[in-house]
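Working through the structure, step by step
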Amino acid sequence: QVQLVESGGGLVQPGGSLRLFCAASGQIFSMYSLGWFRQAPGKERHIVAAVGWRGDNMKYADFVKGRFTISRDNAKTYLQMNRLKPEDTAVYFCAMSRTIYPLPTGPASYDYWGQGTQVTVSS
């Protein structure tokens, strides 16, 4: 089983920026998809962004398009978050999926998960 560890969360003012980082280790496969999800208190876990195994195919949730950018370098993935809003406040999770195509966006398609990092957008 692989391990994923996220970092980079914190408190930021509305309109500010944060960059999240995730590193995977252990018995990983050569080809896999990576994704970022978020979950607010009392809400379901939703996809934020996903990136394919070659790093050239990305999908974004409608509520982050134009503000967030996902990227990867093999077993590492980043989520650049700009123009943050209070409604972006949530625990953000990094996840890995053995499904390569089509690029999955549902939580059930992801096999391994990180512990989550808290992002709070508030004055």
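Refer to the structure presented above.
Read on for an overview of the structure. Quick caveat: nothing in here was measured; it's all calculated off a predicted structure.

Examined against the element boundaries, D88 turns out to sit in the loop between β8 (76-81) and β9 (90-97). In this structure the side chain of D88 is engaged in a polar contact, spanning 2.8 Å, whose partner is the backbone nitrogen of K85. Apart from residues no more than four positions distant in its own chain, D88 is found in contact with R38, R67, F68, V119 and V121.

This brings us to the packing of aromatic side chains. Scanning all chains against the criterion turns up 5 aromatic pairs. Ring geometry for F37 and Y110: centres 5.1 Å apart, planes at 80°, overall edge-to-face. With F37 in strand β4 (residues 33-39) and Y110 in the loop between β9 and β10 (112-113), this pair connects stretches of sequence that are 73 residues apart. Residue F37 shares its accessibility class with Y110, and that shared class is buried. Through a chain of ring-to-ring contacts, the aromatic side chains of F37, F93, Y110 and W113 assemble into a single cluster. Taking NZ or CZ as reference, R45 lies 3.9 Å from the ring centre of F93, over its face. Seen from the ring of W113, R45 lies directly overhead, with NZ or CZ sitting 4.8 Å from the centre.

What counts, and at which threshold
- Residues numbered from 1 in each chain as written.
- Predicted model: local features only at pLDDT ≥ 70, side-chain atom pairs only at ≥ 80, totals over all residues.
- Heavy atoms only, no water.
- Helix = DSSP H or I, 4+ residues; strand = E, 2+ residues; numbered from the N terminus.
- Polar contact = N/O pair within 3.5 Å; in protein donor to acceptor, adjacent residues only side chain to side chain.
- Contact = heavy atoms within 4.5 Å.
- Phe/Tyr/Trp six-rings, centres within 6.5 Å; stacked < 30°, edge-to-face > 60°.
- Buried < 20%, exposed > 50% of the residue type's maximum accessible area, 1.4 Å probe, protein only.
- Lys NZ or Arg CZ within 6 Å of the ring centre and 35° of its normal.

Taken by themselves, the reported measurements are silent on function.
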